[in-house]
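Fold and contact review
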Amino acid sequence: MKKLSQERLVGDTKRVIENPFWIPGLETDVSYERIHDDHDGTKEGRIIIQIDKMGDIWFTTDKHHGSAMRFRTSVGGGMSERVRSALMILAYAIKLDNEERPQE
């Protein structure tokens, strides 16, 4: 694989998060969850991303007592579109990790 410069990676990242998109393969109303690496067998410390039918993205953790934070699409009044885009990428990364290295 060709090594990319730091400047190009930063530019590519900015270009991606500043343009609304949908990643094929992600589903709505599915929880994308992953336990952090240092849980020491407790299975606690899970991040959870869910995308609703409107395209809004909900973020929570199992330590946050079930109170999710929503990042809306621009059509729905979203004020943090870059964060929403980054969370979609995070959901995709969780999906890929879960496929490659499933957790219990």
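Residues numbered from 1 in each chain as written. Predicted model: local features only at pLDDT ≥ 70, side-chain atom pairs only at ≥ 80, totals over all residues. Heavy atoms only, no water.

1. Considerations on a negative patch on the surface
Negative charge collects at one region of the surface, where Asp-37, Asp-38, Asp-40, Asp-97 and Glu-100 lie side by side. Turning to its location among the elements, Asp-38 is positioned in the loop between β1 (31-35) and β2 (46-51). On the accessibility criterion, Asp-38 (59% relative accessible area) is exposed. (Patch = residues over 30% accessible without salt bridge, like charges linked within 9 Å, V, L, I, M, F, W, Y side chains within 5 Å. Areas by Shrake-Rupley, 256 points an atom, 1.4 Å probe, with all protein chains shown as cover. Salt bridge = Lys/Arg side-chain N within 4 Å of Asp/Glu carboxyl O. Lys, Arg positive; Asp, Glu negative; His and termini not counted. Charge placed at Lys NZ, Arg CZ, Asp CG, Glu CD. Helix = DSSP H or I, 4+ residues; strand = E, 2+ residues; numbered from the N terminus. Buried < 20%, exposed > 50% of the residue type's maximum accessible area, 1.4 Å probe, protein only.)

2. Topic: the layout of surface pockets
Within this model, the largest pocket holds a volume of roughly 180 Å³. In terms of lining residues, the largest pocket is bounded by Ile-17, Glu-18, Asn-19, Pro-20, Thr-73, Ser-74, Val-75, Ser-80, Glu-81, Arg-82, Arg-84 and Ser-85. No other element matches helix α2 (residues 81-100), which puts 4 residues into the lining of the largest pocket. Broken down by class, the residue content of the lining of the largest pocket amounts to 3 nonpolar, 5 polar and 4 charged. (1 Å grid on protein atoms, 1.4 Å probe; cavity = no way out; pocket = protein on both sides within 12 Å on 5 of 7 lines; lining within 4 Å. Points joined across faces, edges and corners; volume = space filled by probe spheres on them. Nonpolar A, V, L, I, M, F, W, Y, C, P; charged D, E, K, R; others polar.)

3. Considerations on the pairing of β2
Pairing of β1 with β2, which is carried by 5 bridges, proceeds in the antiparallel orientation. Bridge pairing in β2 links Glu-33 to Ile-48. Sheet topology places β2 next to strand β3 (residues 57-61); 5 bridges connect them, and they run antiparallel. The residue of β3 that forms the bridge with Ile-51 is Ile-57. Between the end of β2 and the start of β3, which pair antiparallel, lie 5 residues, with Gly-55 showing a positive phi angle near 95 degrees. (Pairing = 2+ DSSP bridges.)

4. Things to note about the side chain of Lys-95
Within the element layout of this structure, Lys-95 appears in helix α2. Polar contacts involving the side chain of Lys-95 include one to the side chain of Glu-99, which spans 2.6 Å. The residues contacting Lys-95, other than those within four sequence positions of it, are Gly-25, Leu-26 and Tyr-32. (Polar contact = N/O pair within 3.5 Å; in protein donor to acceptor, adjacent residues only side chain to side chain. Contact = heavy atoms within 4.5 Å.)

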